Amino acid sequence: MTRHTRLIMQMVYWAFVLYLFIPLSLMVLMGFKDSKFIGFPIKSLTLHWYKVVIQDLELMSVFAYSFTIAISSTVLAIIIGTWAAMLLSQAKFKGKIIVFALITLPAVLPGIISAIALRIYSQTLGIEPGMTAVILGHTVHNVPFVTLVGMARLNSQPMSHVEAAQDLGADNVISFFRITLPYLTPALVGAGIFCMLTSFDDFVRSFFLGGYEPTLPVYIFSQLRTGMSPEINAISSVVLVITAVMGLAAERLMRRK
Amino acid sequence: MPPQEEYSTGSRSFWSWLATSKVYQSVSASLLGTKKRRLVLLAAVPIIWAIVANLGPLFKMLDISFYDAYPLSKGREATYTIAAWREFFVTPVYYIPFFRTLIFSGILTFATLVLVYPVAYFLARHVPKSRQMLFLLLVLIPFWVGEIIRTYAIMILLGNNGAINIALKFLGIIDRPIPFMYTSFSLGIGIVYLVSLYMLLPLYSALEKIPTNMNEAAADLGAGPWRRFWRITLPLSKDGIASGCVLVFLIATGFYATPVILGGPSSTMFAESIANTFNVAADRWPTGAAFSSIMLITTLTLAAVFLKIMGRRGKGYL
Amino acid sequence: MKNATVSLVDISKKYGSFVAVEKINLTIQPGDFVTLLGPSGCGKSTTLRILGGFETPTTGQVFLGDDDVTNIPPNRRNVNMVFQDYALFPHMTCGRNIAFGLELKGKTKAETEARVDELLEFMQLTGFKDRKPEELSGGQRQRVALARALAPDPSVLLLDEPLGALDAKLRKQVQIELKSIQKRTGKTFIFVTHDQEEALTMSDRVLVMNKGRIEQAGSPKDLYSHPESRFVAEFIGETNMLECGVKGIDGKQVVLDWFGTELRGDCRKGSPTPGQKVGAVIRPENITCYSNKPESSLAFELNIDQRIFKGSSTTFEARSSKGQSLTITLDSIRADEIGTEKMWVVLKPEYLSILLN
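Computed from a predicted model, the values in this text were never measured in an experiment.

1. A few points about the sheet that holds strand 13 (residues 261-265) of chain C
Residue and element names in this part refer to chain C.
- Spatially, the five strands line up as an open sheet ordered 13-12-11-14-20, and their pairing is antiparallel. Each end of this open sheet is capped by a strand with a single partner; those strands are strand 13 and strand 20 (353-355). Put simply, the sheet's adjacent strands are angled 45 degrees from each other on average, direction ignored.
- Pairing analysis gives five bridges linking strand 11 (residues 240-250) to strand 12 (residues 253-258), with the strands arranged antiparallel.

2. Quick word on the interface of chain A and chain B
- Taken together, the contact between chain A and chain B spans 89 residues of the former and 92 residues of the latter.
- Seen at the junction of chain A and chain B, the total is zero salt bridges.
- If one sorts the elements of the side of chain A that touches chain B by residue count, helix 1 (residues 3-30) of chain A sits on top with 18 residues.

3. Looking at the pairing of strand 6 (residues 79-82) of chain C
Residues and elements named next belong to chain C.
- The alternating pattern of strand 6 places Val79 and Met81 on one face and Asn80 and Val82 on the opposite face, and all of these are buried.
- Relative to strand 7 (residues 156-160), strand 6 is paired through four bridges, and the arrangement is parallel. Following the sheet pairing, Val82 is matched in strand 7 by Leu159.

4. Regarding the packing of helix 11 (residues 230-255) of chain A against helix 7 (residues 147-158) of chain B
- Two elements in contact, helix 11 of chain A and helix 7 of chain B, have axes separated by 11 Å at closest approach and are oriented at 130 degrees. Between helix 11 of chain A and helix 7 of chain B, the angle is such that the two are oblique. Like other packed secondary-structure pairs, helix 11 of chain A and helix 7 of chain B cross with a definite hand, here left-handed. Residues Ile232, Asn233, Ser236 and Val239 of chain A of helix 11 of chain A pack against Ile149, Tyr152 and Ile156 of chain B of helix 7 of chain B.
- Of the residues belonging to the contact of helix 11 of chain A with helix 7 of chain B, the class tally is five nonpolar, two polar and no charged.

5. Side note on the interface of chain A and chain C
- The interface is formed by 16 residues belonging to chain A together with 22 residues belonging to chain C.
- The largest contributions to the chain A side of the interface with chain C come from Asp167, Leu168 and Arg178 of chain A, which together make up 42% of the buried area.
- Two residues, Glu103 of chain C and Arg178 of chain A, come together in a salt bridge whose shortest N-O distance is 3.0 Å.
- On the surface where chain A and chain C come into contact, there are seven residue pairs in polar contact (both at pLDDT 80 or more).
- Of all the secondary-structure elements, those providing two or more residues to the side of chain A that touches chain C are helix 7 (159-167) and helix 8 (172-201) of chain A.

6. Some thoughts on the packing of aromatic side chains
Residue and element names in this part refer to chain B.
- Enumeration according to the criterion identifies 45 aromatic pairs over all chains in this entry.
- Aromatic side chains Phe98 and Phe99 sit 5.2 Å apart centroid to centroid with 75 degrees between the ring planes, which places their arrangement in the edge-to-face category.
- Looking at Phe98, the relative accessible area reads 4%, which means it is buried.
- Residue Phe99 is classed as partly exposed on the basis of its relative accessible area of 45%.

7. Section: the sheet that holds strand 15 (residues 288-290) of chain C
All names here are of chain C.
- The antiparallel open sheet is built from five strands, whose spatial order is 15-19-16-17-18. Every other strand in the sheet has two partners, leaving strand 15 and strand 18 (325-331) as the edge strands with one partner each. The sheet shows a mean angle of 45 degrees between the axes of neighbouring strands, direction not considered.
- When strand 16 (residues 300-309) meets strand 17 (residues 313-319), the two strands line up antiparallel, connected through six bridges. In the strand pairing of strand 17, Phe309 is matched with Thr314.

8. So, the domain arrangement of chain B
Residues and elements named next belong to chain B.
- For chain B, the domain assignment lists domain 1 (14-64) and domain 2 (85-309).
- Between the C-alpha centres of domain 1 and domain 2 there is a distance of 39 Å.
- Contact with domain 1, which involves four residues of that partner, is made by six residues of domain 2.
- Across the domain 1 to domain 2 interface the summed buried area is about 440 Å²; carbon plus sulfur atoms make up 80%.
- Contact with domain 2 buries surface across domain 1, with Met61, Leu62 and Ile64 losing the most and accounting together for 90% of the total.
- On inspection of domain 1 and its partner domain 2, the count reaches zero salt bridges.
- Between the two partners, domain 1 and domain 2, sit zero residue pairs in polar contact (both at pLDDT 80 or more).
- For the side of domain 1 that touches domain 2, the class distribution of residues is four nonpolar, no polar and no charged.

9. With respect to the domain arrangement of chain C
Residue and element names in this part refer to chain C.
- Taken domain by domain, chain C holds domain 1 (6-232) and domain 2 (238-355).
- Taking only C-alpha atoms, the centre of domain 1 and the centre of domain 2 are 39 Å apart.
- Contact with domain 1, which involves nine residues of that partner, is made by twelve residues of domain 2.
- Both faces combined, the contact of domain 1 with domain 2 buries some 1,000 Å², and carbon together with sulfur accounts for 44% of it.
- Three residues, Tyr224, Glu228 and Arg230, lead the burial of domain 1 against domain 2; their summed loss comes to 59% of the area buried on that side.
- For the pair domain 1 and domain 2, the number of links is one salt bridge.
- With a closest N to O distance of 2.9 Å, Glu243 and Arg230 form a salt bridge.
- With four residues, helix 7 (residues 220-225) is the largest single contributor of residues to the side of domain 1 that touches domain 2.

10. Quick look at the side chain of Ser186 of chain B
All names here are of chain B.
- With respect to the helices and strands, Ser186 occurs in helix 9 (residues 184-209).
- Accessibility expressed as a relative area gives 0% for Ser186, which makes it buried.
- In terms of polar contacts, Ser186 uses its side chain to reach the backbone carbonyl oxygen of Phe180, at 3.4 Å.
- When near neighbours in sequence (up to four residues on either side) are disregarded, Ser186 contacts Ile154, Leu158, Phe180, Met181 and Leu262.

11. Examining the environment of Phe207 of chain A
- Relative to the assigned elements, Phe207 of chain A resides in helix 9 (residues 204-209).
- In this structure Phe207 of chain A comes out as partly exposed when scored by relative accessible area, which is 25%.
- Put simply, Phe207 of chain A and Val108 of chain A are 99 residues apart on the chain and 19 Å apart in space, counted from C-alpha to C-alpha.
- Those residues in contact with Phe207 of chain A that lie beyond four places of it in its chain are Val218 and Phe221 of chain A together with Tyr256 of chain B.

12. Observations concerning helix 1 of chain A
All names here are of chain A.
- Taking 1.5 Å per residue, 28 residues should reach 40 Å; helix 1 reaches 40 Å between its end C-alpha atoms and fits that length.
- Phe21 marks the point of greatest bend in helix 1, at about 30 degrees, and the proline Pro23 comes within the next four residues.
- Inspection of helix 1 places Thr5, Met9, Tyr13, Phe16, Val17, Tyr19, Leu20, Pro23, Leu24, Leu26, Met27 and Met30 among the buried residues, and these make up the whole buried set.

13. Quick look at the confidence of the model for chain B
Residues and elements named next belong to chain B.
- Within chain B, residue pLDDT values average 86, and 94% of them lie at 70 or more.
- Confidence scores differ between elements of chain B, with helix 10 (residues 212-220) showing the lowest mean pLDDT of 74 and helix 3 (residues 35-64) the highest of 94.
- When the criterion is pLDDT under 50, residues 314-318 qualifies, and its contacts beyond four places in sequence or with other chains add up to twelve contacts.

14. Some remarks on the state of the cysteines
All names here are of chain C.
- Within the structure shown, the criterion is met by zero disulfides over all chains.
- Its sulfur unpaired, Cys244 is 12 Å from the next cysteine sulfur, which belongs to Cys267.
- Residue classification places Cys244 among the buried positions, given a relative accessible area of 2%.
- Counting only cysteine sulfurs, Cys244 is the nearest neighbor of Cys289, a cysteine outside any disulfide, at a range of 18 Å.
- Owing to a relative accessible area of 1%, Cys289 belongs among the buried residues under this scheme.

15. Quick word on the environment of Pro30 of chain C
- Mapped onto the secondary structure, Pro30 of chain C falls in the loop between strand 2 (18-28) and strand 3 (33-37).
- Relative accessible area serves as the criterion here: at 38%, Pro30 of chain C is assigned to the partly exposed category.

16. Focus on the pattern of salt bridges
- In this structure the tally under the stated criterion is 25 salt bridges over all chains.
- Asp117 of chain C serves as the salt-bridge partner of Lys129 of chain C, at 3.1 Å between the closest nitrogen and oxygen. Of this pair, Lys129 of chain C sits in the loop between helix 3 (109-122) and helix 4 (138-150) while Asp117 of chain C sits in helix 3; the two residues are twelve residues apart in sequence, bridging distant segments of the chain.
- Look at the salt bridges and you will find they share partners, linking Glu163 of chain A together with Lys13, Arg49 and Glu55 of chain C into a network.

17. Focus on the packing of helix 12 (residues 238-253) of chain B against helix 15 (residues 285-309) of chain B
All names here are of chain B.
- Relative orientation of the contacting elements helix 12 and helix 15 amounts to 170 degrees, with a least axis distance of 10 Å. One element, helix 12, and the other, helix 15, form an angle in the roughly antiparallel class. In this structure, helix 12 crosses over helix 15, and the sense of that crossing is right-handed. Contacts between helix 12 and helix 15 involve Ala242, Cys245, Val246, Phe249, Leu250 and Thr253 from the first element and Met295, Thr299, Leu300, Leu302, Ala303, Phe306 and Leu307 from the second.
- Classifying every residue of the contact of helix 12 with helix 15 by side-chain character gives eleven nonpolar, two polar and no charged.

Cut-off values and rules
- Residues numbered from 1 in each chain as written.
- Chains lettered and ligands numbered in written order.
- Predicted model: local features only at pLDDT ≥ 70, side-chain atom pairs only at ≥ 80, totals over all residues.
- Heavy atoms only, no water.
- Pairing = 2+ DSSP bridges.
- Helix = DSSP H or I, 4+ residues; strand = E, 2+ residues; numbered from the N terminus.
- Axes fitted to C-alpha atoms, helices over the stretch in contact; angles between N-to-C directions.
- Contact = heavy atoms within 4.5 Å.
- Salt bridge = Lys/Arg side-chain N within 4 Å of Asp/Glu carboxyl O.
- Buried < 20%, exposed > 50% of the residue type's maximum accessible area, 1.4 Å probe, protein only.
- Parallel < 35°, antiparallel > 145°, perpendicular 65-115°, else oblique.
- Left-handed = near helix turned anticlockwise from the far one by under 90°.
- Nonpolar A, V, L, I, M, F, W, Y, C, P; charged D, E, K, R; others polar.
- Buried area = accessible area lost by both parts, 1.4 Å probe.
- Polar contact = N/O pair within 3.5 Å; in protein donor to acceptor, adjacent residues only side chain to side chain.
- Phe/Tyr/Trp six-rings, centres within 6.5 Å; stacked < 30°, edge-to-face > 60°.
- Domains from an automatic or database assignment.
- Expected span 1.5 Å × (residues − 1).
- Bend = angle between axes of the 7 residues up to and from the residue.
- pLDDT = per-residue confidence, 0-100.
- Disulfide = S-S within 2.5 Å.

In C-alpha cells, the structure reads:
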C-alpha cells in the first residue's frame, strides 16, 4: 500500500476510536452537569447526581440483585463450560462437531429469539419469571464462551502433563483437579470476569425472564422510557469504570502464558 | 493389580487421604474403570446440558407455535393449529417489520464491514506487533459496556440538544436542530456502534494471518497496490469477512431494546413485534413463538447460504 | 518394590490401517538397562507407551512379573515414566513434583518428606526443593523428572528419549550419570532413543526396531560386531557393506566372491546357498592392514584414495581397480606404518558377518 492509503487507514482507525469514545465520554460528562437537563450547554459541574445515586436504596438493591445473578450464573457457566471444554478437547468420539455446534449454539442465536425461547421454556418447566429463570438464562448464554476459552487453553496444555499425573497414580478426577484445573485457572478467571460483565450488562434475557425485580439494565431501560436523567448518567458512568477495570484485568489473565 | 498395601498411620495430605480411602477407590474404579465409562462421565453433563438447555427451548418454542393458546388455563388442553403461522403471512403489520429487519440488518452489516475493514487492516498490517494489543484494547474497552448504556450514550450524542446538533449550530451550518433521534438513522448509528466489534475481531484475526511476504511477492511481480488488495488481501481475508458478517447480521436482527429506544414508528423492528405478543396479558404466546421460529429459521438459513456462497464449509461458525 | 520380569507377548498396535507395532515378543530381565533403538516411526515409543499403559495393544498381552497388566490403566500400574519433555507440573515446586506420586500411594506427610529429601540428595538437587521447574536448567529438570518417577519405587522405569532436549555436551555427561543411577538403584530401566551411540553407551541390552518389528536384540557388543540384518548393520555404527555372491560352503564358513576376491565369513542367521547374492559386513576398524603383501590367502591390494586424520585414529578410503571400495580405520600409530599409495588388507573371517536380508 502507498503512504497515502496508509495515512487514510490510520485516520479511519482514529475516527473509529472517536466514534466509540465520544458518546461514552459525553455520557460521563453529563453525569457531572449541574442541571436536570441532559444536553448542551454545560454551565457548571457537580457531584450531586453521584450522591443521589449512592443514597438511592432502591438502586442499591438493584445493583445487589444484578450482582447476585452475575455471580451465580458465572459459577454455573464455568462448571458446565469447563466440563464441555474437557470433553471437546480431550476425548475422541464420533459426532464431536455436532456436540461442539450444539454447545456453542446460544452464541449465534439472535438475542430476542434466545430470550423468547427461554421465556417459553421456563414457563413450561414451571419456573416463574424471576431470579432463577434469569440465572439459568444467563448461564445458557455464557456456557459457549467459557467452553471456547477453556478449549483454547487446554489445547496449549502438553498431553504429557496429564499422562505424567496418571502415571504417578492419579485417576482422571484427581489429575483434573491437581494438574489440569490449575493450568486452566487463569483462563477461567478471565472468562469468569467476562461472563459476569455479560450477565451484568444483559438486557434482553433479563427483561423477558425477570419478574418484578429488575436487573440494572432493565432498571435503566424503564427509567429511560420516562425520559433521560443525570442520575442514569451517574450510574452508567460507575458501571463503565467498573467494567473497564474488570475487563482489562480479565484480558490480562486470559492472554497470560 | 497393586497388592493391598497396609497404609501406615500418621497425618496425610488431603489427596493422599482421598486416593487411599476405600470408598473413593471403589467409586473411582466403578466410574472411571474403563475407557467407555470415562467417556460417558465426561460427556454426560455437557451433552445433557446442550440438549436440555440449548435445544430444548428452541424445540419447545416450535411446539408452542402450533398451539391454539398458551399459557393454558387450568384443565384446558391445547389443540394443534397453524393459525399462529398463518397470522404472520396475512398481516402486513407483522411481515413488514420482518422484512424491514432483514433488509436493515443486511445494510448495516455491509456498512459495518466497510467501516471496520480499514480499521482491522490498519491494526493487523500497519501497527507493529508489539503495540497491536494496545491499539486493539483501545477499541475493545467500549464494547465491554452493556447494550443499554451504550444505546443511552448514542441518545445523548444524537439528541436535539446533543453534541452533534450543538456542534452544527455552533458552526453555523444549521439554525434549528436536526431531528436525528427516533429514525432509521439513529437506529443505524446505534446498532453499528453495538456490533462493530463482532466484525472487527474476525477480520483482524484473518488479516493478521496473511504473511507479509505474500504482498511483497505480488509487488515484486509488478502488481499495483489496488490490484494487490483485490487479488490477494481481500480473497485471503474472506473467512474473516464471512464470520464477521454472519455474526453481525445475527446479532443485529436480535436487538430489542435498542430499536425501542432509538427507533421510531417508521423503523419498528420485528423483535418489537415478537415482544408485543408477550407484553399483553392475552394468550398470544403461540403467535410470538411462531414469529420467533420464522425469524430463527430465516436468519440461520440466510447465514448458512451466505457462508456457502463465501466458500466456507459448515464446520463451526466462527 | 521388587523388580519384576517384563514380558510382551504377541503385541500389535494398529491405528486404522497403519500398523505401529507388529507381533512383538520380548522378555526383559529384572535389573537390566534395556534400550529400544530405532528411527522415528519405528514403533519404539508406542511399545514404551503400551508398557506404561497409555496405549492398549490391539492384540497381545503385557505381563509384569506374573500379572497380566494389559488392561490396567497407568495409574494402577507399578511402572513409572520419564517423559521426553519431562512433563514437570509447572505450578508445583520440585519438592511437590517429587511428592506427587508418593501422596497418591498413601504415604504420610512424614514419609513423603523423608523420601523427597532422600531423592533430592541422591540426585544432587538439595536446595532446589522449593524452586519451580521454570527456574531450573535442562539438566536439573531432567533429574527432577527422574526423581519424581523413581519416588514411588516402581518395578520398572520407562524413559522416553529423556536426553533429547539436552545439548550434546551435557548429554554425554547425563548418559554416564543415568547409567550409574540405574546401577545404584538396581531398577529395570527401559529406555527409548533414536541415537545409536546413546544406546550403545548405556544399555545392557539393545533392541533395534524397524517398521514396528524388532530387527535384532542383543548386547551392544553383539549388535555391533554381529548385526543380523542390513538395517541393523547400517543403523549402528559405521560399516562396510560388501555385495557378494556365494561361491560355496566350507565347513562352518561361507566362501564368497567379491569382485573376484575370495572372502570367508560366518553366517549366523539362515543358510546361504551357492550362487545367492548376499551382503557381507565388516566394521572399518576390524580390517587388518599391511604395508606389504602378508602371508595370507585372503589378502588383496587396494589403492589409497583418501587419508583422514582424526586424532587417535585415522580413516582411509581405499579402492581397487576391480571396483572394490572400503573404509578402514586404524590407530594413528599403526596408520603411520602404511604407505601413501597402496596397502594390503585382510578381511578376517571372524569379523565378517554375512547377511541374507
